[in-house]
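Each chain, written out:
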Amino acid sequence: MAKHSPVTGRYVTIDVDGSEYKVFYLHNGEGQPLICQHTAGCHNHQWRGLLEDEEITRDYNVIAYDLPRHGKSDPPHNWEWWKEEYKLTADHYVNFIVKLCDALELKDPIFMGSSFGGNVALQLALRRPDRFKAVIPVEAADYAPGFFLDWWRHPHANAAQVCGSGVWDLMAPQSPDMDRWLTWFYYTQGSEAFKGDLHFYSVDHDLRDELANIDGRRCPVVMMTGTYDYLTPPEATENTARQIKGGVYIEMEDIGHFPMSENYPLFKVYLKEALRIIKERKG
Amino acid sequence: MSIDAKSWASKYKSLTNNDETIQAMGKYYTCRFLFDMGDRQILVDMHDGKVKDIDTEPGPLDAYDFALRASPQTWREFARPVPRPMFHGIWAASFREDLKLEGNLLVLMQNLRNFTVQFELLRQCGVPV
């Protein structure tokens, strides 16, 4: 008897700011849409634990996509992308997510993302509170400088291993070896996109003067950060959440910057609390 | 309690040379690096994934590719079986604590997979400061 997962994958083609993207996404579950963004330089397998979690997928339509240039989502098919350095911007990132949600006809989705996915969750709460029921920024902050580095794709080093091992201590030592090495493995696959993603993460994303304009009562913002995250340490997230009207901060003990990927069972404890808060506020 | 440097070096060498994760991709892991622990310097000479030599009393003319410099307190934190947050790796500690990475960092980046694994072996053998 073959052991099939209930998770299925599909492609959908969308146009974003003139770029034609054939987007790959994984999906499982029914009910409230919960759309998930992987971290920079990675892909949707980071959400494998959530996608196969029967308790969550009973009530949530979980969708985890690959951002273009990651995993199975190609770079644009309609222009010569290899002649330009990839530098993700907040505008394009937000436009992409909204276009994807429209194409998938998601009604009042909850958006969850980690790291650069968490930072864009804040951008969505600021720019499109009308389109999302709530956002869950994981390992996020108003500003996260310091990671837009040439090391990620230096031609004199093994970029795959630099990316995999360069993010190794973003994870907690308590997280299981298998899950940490799987995360390492995913990171060896994304080195060409990682630096360009970090242009958004560390350069273009800066909401230090905008937090007061996010209305967490209209679009709840539930932020969660692990105690072993050195890049967005707990105090950075807490400081961000405090400045958002109705913002919520949850500290996650003994976990790092890739919580859904490095230790899903522990992450789930906190995720359930975030979903409970959103349900309480928005139904 | 401070560990005797010679016996520490012997243990660190044995842990490295018998580590399956390093040895699985050990070929070409060749470099020389300095652990500057404030009160003590340790120069590790790696060749094809094996420790060729650990010098616990390097002199000023003993060359290395790159150095990790931090206070003895930070090194002791690195060496806990489960380090506290921000002492759990070289990037965490260089972003948030007093660790300084110096020298030819390209060599560090070229060997980052194995170096990272080897650095964490300090959790098993402690540090001689």
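Given the structure is predicted, the values throughout are model-derived calculations rather than measurements.

## A few points about the overall build of chain B
Turning to step 1, where the next piece is worked out: If you tally the helices and strands in chain B, you get seven helices and five strands.
Turning to step 2, where the next piece is worked out: Moving toward the C terminus, one meets the helices and strands of chain B in the order α-α-β-β-β-β-α-α-β-α-α-α.
Turning to step 3, where the next piece is worked out: Taken against the 2.2 N^0.38 rule, which gives 14 Å for 129 residues, the C-alpha radius of gyration of chain B at 13 Å falls within 12% of a compact globule.
Turning to step 4, where the next piece is worked out: Dimensions along the principal axes, computed over C-alpha positions, put chain B at roughly 35 × 30 × 30 Å.
Turning to step 5, where the next piece is worked out: Out of the 129 residues belonging to chain B, those deemed buried represent 38%.
Turning to step 6, where the next piece is worked out: Partitioning the contacts of chain B with sequence separation of at least 6, the portion at a separation of at least 24 is 65%.

## Topic: the nonpolar core
Residue and element names in this part refer to chain A.
Turning to step 1, where the next piece is worked out: Core analysis: the largest hydrophobic core is formed by 122 residues, its most contacted members being Cys36, Ala64, Phe111, Ala121, Ala125, Val135 and Ile136.
Turning to step 2, where the next piece is worked out: Per-element accounting of this core gives the leading share, eight residues, to helix 10 (residues 264–282).
Turning to step 3, where the next piece is worked out: Setting aside chain neighbours within four positions, we find Phe111 in contact with Ile35, Ile97, Ala121, Leu124, Phe132 and Val135.

## Concerning the interface of chain A and chain B
Turning to step 1, where the next piece is worked out: Contacts between the two partners involve 18 residues from chain A, matched on the other side by 17 residues from chain B.
Turning to step 2, where the next piece is worked out: Tallied by class, the residues present in the side of chain A that touches chain B amount to eight nonpolar, nine polar and one charged.

## Points about the pairing of strand 3 (residues 32–37) of chain A
Residues and elements named next belong to chain A.
Turning to step 1, where the next piece is worked out: For strand 3, a buried count of six out of six residues is recorded, marking the element as mostly surrounded by other parts of the structure.
Turning to step 2, where the next piece is worked out: Neither face of strand 3 is exposed, since Gln32, Leu34 and Cys36 on one face and Pro33, Ile35 and Gln37 on the opposite face are all buried.
Turning to step 3, where the next piece is worked out: In the sheet, strand 3 pairs with strand 4 (residues 60–65) via six bridges, with the strands oriented parallel. Across the sheet, Cys36 pairs through a bridge with Ala64, a residue of strand 4.
Turning to step 4, where the next piece is worked out: Two strands pair when backbone bridges link them, and strand 3 and strand 5 (residues 110–114) are joined in this way by four bridges, in the parallel orientation.

## Examining the sheet that holds strand 5 (residues 100–103) of chain B
For sheets, the rule is that strands pair by backbone hydrogen bonds, running either parallel or antiparallel.
All names here are of chain B.
Turning to step 1, where the next piece is worked out: Read from one edge of the open sheet, five strands run 3-2-1-4-5, paired in mixed fashion. Of all the strands in the sheet, the pair left with one neighbour each is strand 3 (50–55) and strand 5. For this sheet the average axis-to-axis angle between neighbouring strands, irrespective of direction, equals 20 degrees.
Turning to step 2, where the next piece is worked out: Pairing of strand 1 (residues 31–36) with strand 4 (residues 66–69), which is carried by four bridges, proceeds in the parallel orientation. When the sheet's bridge partners are listed, Asp36 is paired in strand 4 with Arg69.

## Re the pairing of strand 1 (residues 8–16) of chain A
Residue and element names in this part refer to chain A.
Turning to step 1, where the next piece is worked out: With nine bridges connecting them, strand 1 and strand 2 (residues 19–28) associate as antiparallel partners. Bridging across to strand 2, Gly9 finds its partner in Leu26.
Turning to step 2, where the next piece is worked out: Where strand 1 hands over to strand 2, the hairpin turn is made up of two residues, of which Asp17 adopts a positive phi near 50 degrees.

## Things to note about helix 8 (residues 234–242) of chain A
All names here are of chain A.
Turning to step 1, where the next piece is worked out: Regarding helix 8, the residues found buried are Pro234, Thr237, Thr240 and Ala241. Seen from one end, helix 8 has its buried residues packed into an arc of 130 degrees, which puts them on one side. Residues of helix 8 that are exposed and angled more than 90 degrees away from the buried face: Glu235 and Arg242.
Turning to step 2, where the next piece is worked out: Close packing links the buried residues of helix 8 with strand 7 (222–226) and strand 8 (248–252).

## Notes on helix 6 (residues 177–188) of chain A
Residue and element names in this part refer to chain A.
Turning to step 1, where the next piece is worked out: Here helix 6 contains twelve residues, and its C-alpha end-to-end distance of 16 Å stays within 8% of the 16 Å for a straight helix at 1.5 Å per residue.
Turning to step 2, where the next piece is worked out: For helix 6, the set of buried residues is Arg180, Thr183, Trp184, Tyr186 and Tyr187. End-on view of helix 6: buried residues confined to an arc of 160 degrees, all on one side of the axis. Along helix 6, the residues that are exposed and aim more than 90 degrees away from the buried face are Asp177, Met178 and Phe185.
Turning to step 3, where the next piece is worked out: Those residues of helix 6 hidden inside the fold are in contact with helix 5 (159–166) and helix 9 (259–262).

Rules behind the numbers
Residues numbered from 1 in each chain as written. Chains lettered and ligands numbered in written order. Predicted model: local features only at pLDDT ≥ 70, side-chain atom pairs only at ≥ 80, totals over all residues. Helix = DSSP H or I, 4+ residues; strand = E, 2+ residues; numbered from the N terminus. Rg over C-alpha atoms; globule rule 2.2 N^0.38 Å. Buried ≥ 20, exposed ≤ 12 C-beta atoms within 10 Å, placed from the backbone. Contact = placed C-beta atoms within 7 Å. Core = buried A, V, L, I, M, F, W, Y, C linked by C-beta atoms within 7 Å. Nonpolar A, V, L, I, M, F, W, Y, C, P; charged D, E, K, R; others polar. Pairing = 2+ DSSP bridges. Axes fitted to C-alpha atoms, helices over the stretch in contact; angles between N-to-C directions. Arc of directions from axis to C-beta. Expected span 1.5 Å × (residues − 1).

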